[in-house]
Structures are given as C-alpha cells and as structure tokens.
Amino acid sequence: MIEKTLAIIKPDAVKKNVIGEIIGMITKAGFRILGMKYTRINKEQAGSFYEVHKERPFYNDLVDYMSSGPIVPIALEKENAIEDYRKLIGSTDPAQAEEGTVRKLYGESKSYNAVHGSDSVENGIIEIGFFFSKSELVLCD
Ligand code: CMP
C-alpha cells in the first residue's frame, strides 16, 4: 500500500549541517518528496505537535528543543512508507540504532535524535497536515 509519512530534520541535525546528507538517504531509499520546507516552530506549535506525549517526563524538554532552531519538515510517500522510513532512521535512541541508519549516523541521544518519523498511517496524514496545506503538496501523477 502506498503510504505517507512526515519526516522532520530536527534542530540538532540542522545545526550539524547534515540536511543534504539526510535528504539524500531518504530519496535514495525510494521515498518521493511531496512537500518540504525550512522553517521554525514556536513552543505552542511544538507542544501541539507532540500533544500525544504531554504526560511524558520528557515533554517540556522536547518542546523546548523542537522550538530551539530551524527544522525541515518533509512530506513523503512510498509503498510501505511508515515501516520503511522507521527502518531507515533507526531506533529512537541512537545508541540502539542499527549501523547505517540516520539516527546512528547523526543522532546524539534520545532527546537529540536528528529526525522524526510518523508512527502510523493515520498519524502520517495528520502530521503532514500540521505542516503543509493541500496546495503545498506536489502530486507527481
Ligand atoms: P520523535 O520520533 O520525534 O517522537 C517523539 C520524540 O520524543 C522522539 O522522537 C524523541 O525525540 C523524544 N523521546 C522519546 N522518548 C524519549 C525519552 N525517553 N527521553 C527523551 N526524549 C524522548
């Protein structure tokens, strides 16, 4: 099934100047880019994006971090996109991530883990809608 997922290159990876490397890994893995922007979100927006984690102990730090600098949200499409993208980026904790994954290569810690990926088909659609209006998504065929 063709699925959509939202990738975000997070502030730590943007600061490391590895936007190009990460986009290269994503496109070489066969994902199609439907939309992409270089932007920054404020605390309120970050809080709303990660609302599902509101009760977790790391929520406030996550909100501070995600609003601390520029990010690159990317709307992606591919057969089996949710699972394939999560394989490409590796475990939440870069120390546990497989060799060659984005988080192993560029993540620092569970908090500063270089990239985000949607965890389900439903959330992929919701999260893409958070950053992109319909007219900003490019349909190739
Ligand atoms: P992400 O894929 O963006 O989805 C939720 C984020 O919460 C996750 O990546 C991490 O950045 C962060 N996160 C998840 N678990 C922890 C944790 N145990 N400690 C700190 N941050 C976490």
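See the structure printed just above.
Computed from a prediction, not measured in an experiment: that's the story for all the values here.

The residue Glu77 is located in strand S3 (residues 72-79) in this model. Given the relative accessible area of 11%, Glu77 is considered buried. Side-chain polar atoms of Glu77 contact the side chain of Lys4, separated by 3.0 Å. Engagement of the side chain of Glu77 in a polar contact is seen with the side chain of Arg32, the distance being 2.4 Å. Once residues within four sequence positions are removed from consideration, Glu77 is found in contact with Ile2, Glu3, Lys4, Gly30, Phe31, Arg32 and Leu34.

Our next topic: the site of the ligand. With respect to spatial proximity, the complete set of residues near the ligand consists of Lys10, Tyr50, His53, Phe58, Leu62, Thr92, Arg103, Lys110, Ser111, Asn113, His116 and Gly117. In the environment of the ligand, an oxygen atom lies 2.8 Å from a nitrogen or oxygen atom belonging to the side chain of His116. When isolated, the ligand has an accessible area of 450 Å², and the protein chains bury 81% of it. Taken together, the residues of the shell around the ligand sort by class into three nonpolar, six polar and three charged.

Let us look at the packing of aromatic side chains. By convention here, two paired aromatic rings are described through the distance between centres and the angle between planes. Overall, the coordinates contain six aromatic pairs when judged by the stated rule. Note on Phe49 and Phe130: the rings are 5.1 Å apart at their centroids and 70° apart in plane angle, and the pair reads as edge-to-face. One end of the pair, Phe49, is in helix H3 (residues 43-49); the other, Phe130, is in helix H7 (residues 121-131), and 81 residues separate them in sequence. With a relative accessible area of 32%, Phe130 lands in the partly exposed category. Here Phe130 and Phe131 contribute two aromatic rings whose centre-to-centre distance is 5.0 Å and whose plane-to-plane angle is 65°, an arrangement assigned as edge-to-face.

Before going further, it helps to spend a moment on the pattern of salt bridges. As enumerated under the stated definition, the model contains seven salt bridges in all. A salt bridge links Asp84 to Lys78; its shortest N-O distance comes to 2.5 Å. By relative accessible area, which is 17% here, Lys78 ends up buried. Glu83 serves as the salt-bridge partner of Lys87, at 3.4 Å between the closest nitrogen and oxygen. Taken together, the residues span about one helical turn, with Lys87 and Glu83 both in helix H5 (residues 81-89) at a distance of four residues. Taking the relative accessible area as the measure of exposure, Lys87 reaches 55% and is therefore exposed.

What counts as what
- Residues numbered from 1 in each chain as written.
- Predicted model: local features only at pLDDT ≥ 70, side-chain atom pairs only at ≥ 80, totals over all residues.
- Heavy atoms only, no water.
- Helix = DSSP H or I, 4+ residues; strand = E, 2+ residues; numbered from the N terminus.
- Buried < 20%, exposed > 50% of the residue type's maximum accessible area, 1.4 Å probe, protein only.
- Polar contact = N/O pair within 3.5 Å; in protein donor to acceptor, adjacent residues only side chain to side chain.
- Contact = heavy atoms within 4.5 Å.
- Near = heavy atom within 4 Å.
- Areas by Shrake-Rupley, 256 points an atom, 1.4 Å probe, with all protein chains shown as cover.
- Nonpolar A, V, L, I, M, F, W, Y, C, P; charged D, E, K, R; others polar.
- Phe/Tyr/Trp six-rings, centres within 6.5 Å; stacked < 30°, edge-to-face > 60°.
- Salt bridge = Lys/Arg side-chain N within 4 Å of Asp/Glu carboxyl O.

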